[in-house]
Amino acid sequence: MDTNNGRSFGEWLRDQMRLVDHDSLAPYRARILLAMGAVAIALLAPFAVNHLVQERWGVALALFTIMLLTYINVRAVAQRRPPPIPSAWLLLPFVAGITMSVVVQGVPGILWAYPVVVYAYFVLTRRIALLSSMAILAYVTLLVAALIEMPLALRLFATLLLTIIMINIVLNVIADLHRKLENQALTDPLTGAYNRRFMEKVLDALVARAERQPLVASILMIDIDHFKRVNDRFGHDHGDLVLKRVVEIVASRMRRSDRLFRWGGEEFLVLLEGADLEGATRVAEEIRQSVAAATILSEQAVTVSIGVGQYQDRQDVDGWTRAADVALYEAKSSGRNRVVQATMVPSLAQ
């Protein structure tokens, strides 16, 4: 089978089953634990009482154990405390309950495997959930093959595996959507650079870290020369094109650890962690030359002016960015299309 983009079915399936690094359910796990735990207790109670009345002691004991352990975790979460019992450990009494149900009831006991697998994916991290669900799949299949019959075991294997695949597909879609929403909240929609709000958060965290350990980092304040003239002469479509092309050129000269932010309008800020003033100046000069050499607009040359500022001890974010901004102003006032290093600028609080 081939998918629309030419991949085989096996490649498509592996992609759907991939373990994404982004755990989109993590912020909501406590809420999920609370809701699913409460529902599990409410639904298991009648079955536990029924097995107790019918003197199926093993199954009843397993269900009451599951309910007790779940209640302990639910109570802790409701009180905003970490669950004392790891959720992965709860799978052990669940599996024990499935085993006893199959032994005592036969085919009806198999049905409990499905909600247990779903439960695992919502309360555990993806990697642990996948390993646990595959282990449950293998164990329950062998259990049914040994105690009931092989044809039923094969059907159970196929349907439970399909359930696991469907859960992974849905969770991957949720993770992709969650990542896109996060990116939209952090990035400038036109250029794809990070936005100023995220920039302030990153710089604040970096300066706070500098209070505990030495920090070597520099910023480049980049401004597109005569940008207003581009908009006035050729229109905003050309202006947008210039912004996007300059961002592409700047990004091509950056390391993977560097970050590019849109400061506002035609100004951008590049954060270079681990770069001193001289190293950052070399990067700035490479960017300046690359932009000047590129044919961004056929009607007009496009250049940039850059101010370079290295972080100084006990400097706050405002002082750091103002120093680079002053250097940028000097670059523009002295003829544009050049790089100027910043000198120390005291913060407003001093």
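The structure contained in this document is the topic of the report that follows. (Residues numbered from 1 in each chain as written. Predicted model: local features only at pLDDT ≥ 70, side-chain atom pairs only at ≥ 80, totals over all residues. Heavy atoms only, no water.)

1. Examining the overall build of the protein chain
Argument step 1. If you tally the helices and strands in the protein chain, you get 13 helices and 5 strands.
Argument step 2. Computed over its C-alpha atoms, the radius of gyration of the protein chain comes to 30 Å, more than 25% above the 20 Å expected for a compact globule of 350 residues.
Argument step 3. Counting only C-alpha atoms, the protein chain reaches 90 × 55 × 30 Å along its principal axes.
Argument step 4. For the protein chain, the proportion of its 350 residues judged to be buried stands at 44%.
Argument step 5. The long-range fraction of contacts in the protein chain, counting pairs at least 24 apart against all pairs at least 6 apart in sequence, stands at 69%.
Argument step 6. Here the protein chain has roughly 18900 Å² of accessible surface; of this, 60% comes from carbon and sulfur atoms. (Helix = DSSP H or I, 4+ residues; strand = E, 2+ residues; numbered from the N terminus. Rg over C-alpha atoms; globule rule 2.2 N^0.38 Å. Buried < 20%, exposed > 50% of the residue type's maximum accessible area, 1.4 Å probe, protein only. Contact = heavy atoms within 4.5 Å. Areas by Shrake-Rupley, 256 points an atom, 1.4 Å probe, with all protein chains shown as cover.)

2. A word on the pattern of salt bridges
Argument step 1. Applying the stated criterion across every chain yields a total of 11 salt bridges.
Argument step 2. Where Arg 262 meets Asp 188, a salt bridge forms, and the shortest distance between an N and an O atom there is 3.1 Å. Taken as a pair, Arg 262 in strand β2 (residues 259–264) and Asp 188 in the loop between α8 (150–186) and α9 (196–210) lie far apart in primary sequence, 74 residues in all. For the pair Arg 262 and Asp 188, a shared accessibility class is recorded, and that class is buried.
Argument step 3. With its nearest N and O atoms 3.2 Å apart, the salt bridge here joins Lys 332 to Asp 225. (Salt bridge = Lys/Arg side-chain N within 4 Å of Asp/Glu carboxyl O.)

3. Considering the nonpolar core
Argument step 1. By size, the foremost hydrophobic cluster in this structure holds 39 residues, and its most contacted members are Leu 91, Phe 94, Val 117, Tyr 121, Val 140 and Val 144.
Argument step 2. For this core, the secondary structure elements donating two or more residues are α2 (29–53), α3 (57–78), α4 (87–105), α6 (113–123), α7 (126–147) and α8.
Argument step 3. By size, the runner-up hydrophobic cluster in this structure holds 31 residues, among which are Ile 224, Leu 243, Val 270 and Leu 297. (Core = buried A, V, L, I, M, F, W, Y, C linked by side-chain atoms within 4.5 Å.)

4. Here's the deal with the packing of α2 against α6
Argument step 1. It is at 9 Å that the axes of α2 and α6 come closest, and there the two elements cross at 150 degrees. In this view, α2 runs roughly antiparallel relative to α6, as classed from their interaxial angle. Seen from α2, the contacting residues are Arg 29, Ile 32, Leu 33 and Met 36; seen from α6, they are Tyr 119, Phe 122 and Val 123. (Axes fitted to C-alpha atoms, helices over the stretch in contact; angles between N-to-C directions. Parallel < 35°, antiparallel > 145°, perpendicular 65-115°, else oblique.)

5. Describing the side chain of Asn 195
Argument step 1. Mapping Asn 195 onto the fold places it in the loop between α8 and α9.
Argument step 2. Setting aside residues no more than four positions away along its own chain, Asn 195 makes contact with Ala 185, Leu 186, Thr 187, Asp 188, Phe 261 and Arg 262.

6. Here's the deal with the packing of aromatic side chains
Argument step 1. Evaluated as defined, the whole model comprises 6 aromatic pairs.
Argument step 2. Pairing Phe 47 with Trp 112 gives two aromatic rings, centres 5.1 Å apart and planes at 85 degrees, and the pair type is edge-to-face. Of this pair, Phe 47 sits in helix α2 while Trp 112 sits in the loop between α5 (107–110) and α6, and the two are 65 residues apart along the sequence.
Argument step 3. Here Trp 112 falls in the partly exposed class, since its relative accessible area comes to 26%.
Argument step 4. Between the aromatic rings of Tyr 194 and Phe 261, the centroid separation amounts to 5.7 Å while the plane-to-plane angle is 40 degrees, which identifies the pairing as tilted. (Phe/Tyr/Trp six-rings, centres within 6.5 Å; stacked < 30°, edge-to-face > 60°.)

7. Some thoughts on the pairing of strand β1 (residues 217–224)
Argument step 1. Burial analysis of β1 places 8 of its 8 residues in the buried class, the great majority of the element.
Argument step 2. Sheet topology places β1 next to strand β3 (residues 267–273); 7 bridges connect them, and they run antiparallel. The residue of β3 that forms the bridge with Asp 223 is Glu 267.
Argument step 3. For β1 and strand β4 (residues 304–310), the ladder comprises 7 bridges, and the chain directions are antiparallel. Bridge pairing in β4 places Ile 222 opposite Ile 306. (Pairing = 2+ DSSP bridges.)

8. Structural notes on unusual backbone geometry
Argument step 1. Of note in this structure, Glu 55 is not a glycine but carries a positive phi near 60 degrees.
Argument step 2. Structurally, Glu 55 is set in the loop between α2 and α3.
Argument step 3. At Arg 80, a position not held by glycine, the phi torsion is positive, near 60 degrees.

9. So, the sheet that holds β4
Argument step 1. The strand order across the open sheet built from 5 strands is β2-β3-β1-β4-β5, with neighbouring strands paired in mixed fashion. Unpaired on one side and paired on the other, β2 and β5 (339–341) mark the two borders of the sheet. Going across the sheet, the axis of each strand differs from the next one's by a mean of 20 degrees, ignoring polarity.
Argument step 2. Where β2 and β3 come together, 5 bridges link them in antiparallel fashion. From the neighbouring strand, Gly 264 faces β3, where its bridge partner is Glu 267.
Argument step 3. Each of β1, β3, β4 and β5 touches helix α12 (residues 277–293); the most contacted strand, β4, lies at about 170 degrees to it.

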